[in-house]
Amino acid sequence: MIRPVRPEDAEELAALYAANRDFLRPFEPVRPPEFFTAEGQLARLERQLADDTHPFAILDGESIAGTINVFHIVREALQGCTIGYWIDGRRNGRGLATGAVGEVVSYAFGALGLHRVEAATLVDNVASQRVLEKNGFDRIGLARSFLRIAGDWRDFYLFQRIAD
Ligand SMILES: CC(C)(COP(=O)(O)OP(=O)(O)OC[C@H]1O[C@@H](n2cnc3c(N)ncnc32)[C@H](O)[C@@H]1OP(=O)(O)O)[C@@H](O)C(=O)NCCC(=O)NCCS
């Protein structure tokens, strides 16, 4: 249910982000207007690929229902990465995020040969915490003032899953 994001997805992704602008606002950094355009999405994809980020589309049939990214890949002694994801508000509650996290964890431990996957959720984002717990993640603890979300530095719970 996930596949790498392609340049030709830019228009569909821009439309999906625009449709979810209000839904995602409490969970995301402030997005500039060009983020919601095909050109902005194409430029973002180019930056991600140059930055060793692995962006995936989460599919609902033929359509893109969200994205899940693997980033902050660190080798040497850590052999870890971080994941971030979201699902179209109209398609929540169908197990799409749970399935996508499961697939991306397999990719991180398999194709990428990593040892550890990290994720962070806002303290009150119970749905995302549930998605991680269903995928075998352990809660590490509270990271105070961890990310600037919707303009404010917010506390997050950090989670990790270690390769079996
Ligand atoms: C969090 C998010 C990814 C979940 O996507 P989803 O496809 O609806 O998730 P799933 O259907 O796979 O699983 C959601 C689980 O959370 C549970 N859940 C949802 N809202 C809940 C709530 N308010 N309290 C407790 N559990 C809740 C669901 O019941 C389900 O668990 P279950 O299978 O045990 O019943 C989606 O809501 C989203 O994109 N939110 C905005 C962006 C975001 O938070 N991204 C993640 C950042 S860490």
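Every value quoted in this text rests on a predicted model; they were computed, and no experiment measured them.

Draft legend 1. Up close: the sheet that holds strand E5 (residues 116-122). Strand order in the open sheet formed by seven strands is E1-E2-E3-E4-E5-E7-E6, and the pairing between neighbours is mixed. Across the chains shown, the open sheet's two edge strands, defined by having one partner strand only, are strand E1 (2-4) and strand E6 (138-149). Direction aside, the axes of adjacent strands within the sheet are offset by 30° on average. Where strand E4 (residues 80-87) meets E5, three bridges bridge the pair, whose relative direction is parallel. Its bridge partner lying in E5, threonine 82 is registered against glutamate 118.

Draft legend 2. Geometry of helix H5 (residues 126-134). When we look at burial in H5, the residues that qualify are Ser128, Val131 and Leu132. When H5 is viewed along its axis, its buried side chains cluster within an angular range of 95° and face the same direction. Facing away from the buried side of H5 by over 90 degrees, the exposed positions are Val126 and Ala127. The inward-facing, buried residues of H5 contact helix H4 (96-109), E5 and strand E7 (152-162). Downstream of H5 by one or two residues, glycine 136 has phi in the positive range, about 80°.

Draft legend 3. Expanded view of H4. In a regular helix each residue adds 1.5 Å, so 14 residues correspond to 20 Å; H4 covers 20 Å between its end C-alpha atoms and thus fits that length. Of all the residues in H4, the buried ones are Leu96, Ala97, Ala100, Val101, Val104, Val105 and Ala108. The buried residues of H4 occupy one face: seen down the axis, they fall within an arc of 160°.

Draft legend 4. Structural detail: the packing of H4 against H5. Where H4 meets H5, the axes come as close as 9 Å, and the angle between the chain directions of the two elements is 45°. What the angle tells us is that H4 and H5 run oblique. You can see that H4 and H5 cross each other, and the crossing is right-handed. From H4, Ala97, Thr98 and Val101 reach across to H5, where they touch Val131, Leu132 and Lys134. By residue class, the composition of the contact of H4 with H5 is four nonpolar, one polar and one charged.

Draft legend 5. Quick look at the site of the ligand. Not every one of the 19 residues close to the ligand is listed here, only the nearest: Trp86, Asn92, Ala97, Thr98 and Ala127. For the shell around the ligand, the secondary structure elements donating two or more residues are E4, H4 and H5. In terms of residue class, the shell around the ligand is made up of 10 nonpolar, seven polar and two charged.

Conventions adopted
Along each chain, residue indices are assigned from 1 in the same order as the chain's sequence is written. With the structure being a predicted model, the display of local features is reserved for residues of pLDDT at least 70 and the display and counting of side-chain atom pairs for 80 or more, all residues being used for whole-chain, interface and lining totals. Following DSSP output, two strands are said to pair if at least two bridges run between them. Strands are runs of DSSP state E lasting at least two residues, helices are runs of H or I lasting at least four, and both sets are numbered from the N terminus onward. What counts as an axis is a line fitted to C-alpha atoms, over the stretch in contact for a helix, and the angles between N-to-C directions run from 0 to 180 degrees. Each residue is classed by its C-beta neighbour count within 10 Å, where at least 20 other C-beta atoms makes it buried, 12 or fewer makes it exposed, and intermediate counts make it partly exposed; the C-beta atoms are placed from backbone geometry. In this description, one arc is meant: the one made by directions from the helix axis to the C-beta atoms. Residues are scored as being in contact if the C-beta atoms we place from backbone atoms lie within 7 Å. A helix is expected to reach a length of 1.5 Å times the quantity of its residues less one. What sets the label is the angle itself: under 35 degrees gives roughly parallel, over 145 gives roughly antiparallel, 65 to 115 gives roughly perpendicular, and the rest give oblique. Note: crossing handedness is left-handed where the near helix turns anticlockwise from the far helix by less than a right angle, and right-handed where it turns clockwise. In the scheme used here, Gly and all other residues not listed as nonpolar or charged are polar, with Ala, Val, Leu, Ile, Met, Phe, Trp, Tyr, Cys and Pro taken as nonpolar and Asp, Glu, Lys and Arg as charged. Any residue whose C-beta atom, as placed from the backbone, lies within 6 Å of a molecule or strand is termed near it.

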